[in-house]
Amino acid sequence: MKKIINAVDRVENDMIKGMCKAYPQYVTELPIDNDLCQDHVVVRTEKKVGKVALISGGGSGHEPAHGGYVGKGMLDAAVAGAVYTSPTPEPIYEAIKEIATDKGVLMIVKNYTGDVMNFEMAGEMAEMEGIKVAQVVTNDDVAVDGSLYTVGRRGVAGTIFVHKCAGAMAETGAELEEVKAVAEKVIDNVRTMGVAINPSMVPAAGEPGFVLAEDEMEVGIGIHGEPGVATAKLTEADAIVDQLLDKILADIDYAGSEVAVMINGSGGTPLMELFIVNNRVADVLAEKGIKVYKTYVGNYMTSLEQEGFSISLLKLDDQLKECLDAEADTPAFKE
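Residues numbered from 1 in each chain as written. Predicted model: local features only at pLDDT ≥ 70, side-chain atom pairs only at ≥ 80, totals over all residues. Heavy atoms only, no water.

1. What to know about the packing of helix α4 (residues 159–171) against helix α8 (residues 318–325)
Put simply, α4 and α8 touch, their axes get as near as 8 Å, and they point 90° apart. Classified by the interaxial angle, the pair formed by α4 and α8 is roughly perpendicular. Residue-level contacts link Phe-161, Lys-164, Cys-165, Ala-168 and Met-169 of α4 to Gln-319, Leu-320, Cys-323 and Leu-324 of α8. Class assignment of the residues belonging to the contact of α4 with α8 gives a composition of seven nonpolar, one polar and one charged. (Axes fitted to C-alpha atoms, helices over the stretch in contact; angles between N-to-C directions. Helix = DSSP H or I, 4+ residues; strand = E, 2+ residues; numbered from the N terminus. Parallel < 35°, antiparallel > 145°, perpendicular 65-115°, else oblique. Contact = heavy atoms within 4.5 Å. Nonpolar A, V, L, I, M, F, W, Y, C, P; charged D, E, K, R; others polar.)

2. Focus: unusual backbone geometry
Backbone torsion omega between Glu-63 and Pro-64 reads 15°, so that peptide bond is classified as cis. Checked against the element boundaries, Pro-64 lands in the loop between β3 (53–60) and β4 (77–83). His-66 follows Ala-65 through a cis peptide bond whose omega is 5°. By secondary structure assignment, the location of His-66 is in the loop between β3 and β4. In this structure, Tyr-84 takes a positive phi of about 60° despite not being glycine. Relative to the elements of secondary structure, Tyr-84 occurs in the loop between β4 and α2 (89–99). Classification of Tyr-84 as buried rests on a relative accessible area of 11%. For Leu-304, which is not a glycine, the phi torsion comes out positive at approximately 55°. (Buried < 20%, exposed > 50% of the residue type's maximum accessible area, 1.4 Å probe, protein only.)

3. Examining the pairing of strand β2 (residues 40–44)
The buried count for β2 comes to five of five residues, which makes it a mostly enclosed element. Here three bridges tie strand β1 (residues 27–29) to β2, and the two strands are oriented antiparallel to one another. The residue of β2 that forms the bridge with Thr-28 is Val-43. Across four bridges, the pairing between β2 and β4 is antiparallel. By the bridge assignment, Val-41 is partnered in β4 with Val-79. (Pairing = 2+ DSSP bridges.)

4. With respect to the pairing of β4
Each regular strand displays side chains that alternate between the two surfaces of the sheet. Most of β4 sits out of view: six of its seven residues are buried. Note that β3 and β4 share six bridges and pair parallel. Considered in β4, the bridge of Ile-55 is made with Ala-77.

5. Examining the pattern of salt bridges
A complete count under the given rule lists 23 salt bridges for this structure. With a closest N to O distance of 2.5 Å, Asp-251 and Arg-191 form a salt bridge. With Asp-251 in the loop between α6 (237–249) and β10 (258–265) and Arg-191 in strand β7 (residues 190–198), this residue pair connects regions lying 60 residues apart in the sequence. The class for Asp-251 is partly exposed, based on a relative accessible area of 28%. Looking at Arg-191, the relative accessible area reads 13%, which means it is buried. (Salt bridge = Lys/Arg side-chain N within 4 Å of Asp/Glu carboxyl O.)

6. What to know about the nonpolar core
Counting residues in each nonpolar core, the largest one holds 51 residues, and the members touching the most others are Leu-54, Leu-106, Phe-161 and Val-179. The biggest single contributor to this core is α4, with eight residues. Residues Val-219, Ile-263, Leu-274 and Val-297 belong to the second largest nonpolar core, which totals 28 residues. (Core = buried A, V, L, I, M, F, W, Y, C linked by side-chain atoms within 4.5 Å.)

Keep in mind these values describe shape, not function.
Structural data, given as structure tokens:
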């Protein structure tokens, strides 16, 4: 597999600098005064004042997550580690200090062991400086309970709904406890499952993360290429959708509900195929009496060039609908 890069050890640095040069009206790179630190931080160019600030992050390779969601109505900072590698506590801590307001900071962390540990450490460091910090952990993946990267369910594409709804709540001037409560409501009501038909390749590794035959797919895969529930024969799109939806719909009672749908591409999947997936998702939900309030189709949390997709369903109430409809203006998400 080929990569359009300059050098393996410059991938993350060149990416972040290129992003900031493309979107200076949204994001600015925060210098980290430590030559040993390989992580990168982007913050809102126009700092939020008098409202709860939001921070998220994780390993690089999931673009546009998370730097693409820094802006009005979503995140105030995003911390990027090396590809598929959690950022260390120090840059997270520096980012928290940079964005902190008198209303505090909410950390939105995907449930991966390194991410949770390092964000918690950074939050404790910030609290020692007198900064109010709260944390939520996303765990929307229904495929597996425990994996190579985590204890419990993984945090995957449903995390974007947490950014959006918590970010909207923060923009209203709500208190930290209220913003955290909305984030937790989303976490309690969003479920995701994905599939892959071709792997990603971490630049430093120089080889695919897993191998599938031409007629195979990996069902329930994570966002780092980690295994799912089964390697199965590749079948038609509708059958794949049915398999994923069966697991999602069995996990929460969506009957009679309104939902937001996210058809998330893994990075190498054409929009044509994602729309084919959504066609079936919409039909199945309609048959089951589940009303689709809003649909998002595209690349929201990727795995480099992996070919595949995930389906996320968020069960809505009036408050969450209002949060989804609120203004957002970031490089990768606009409402």
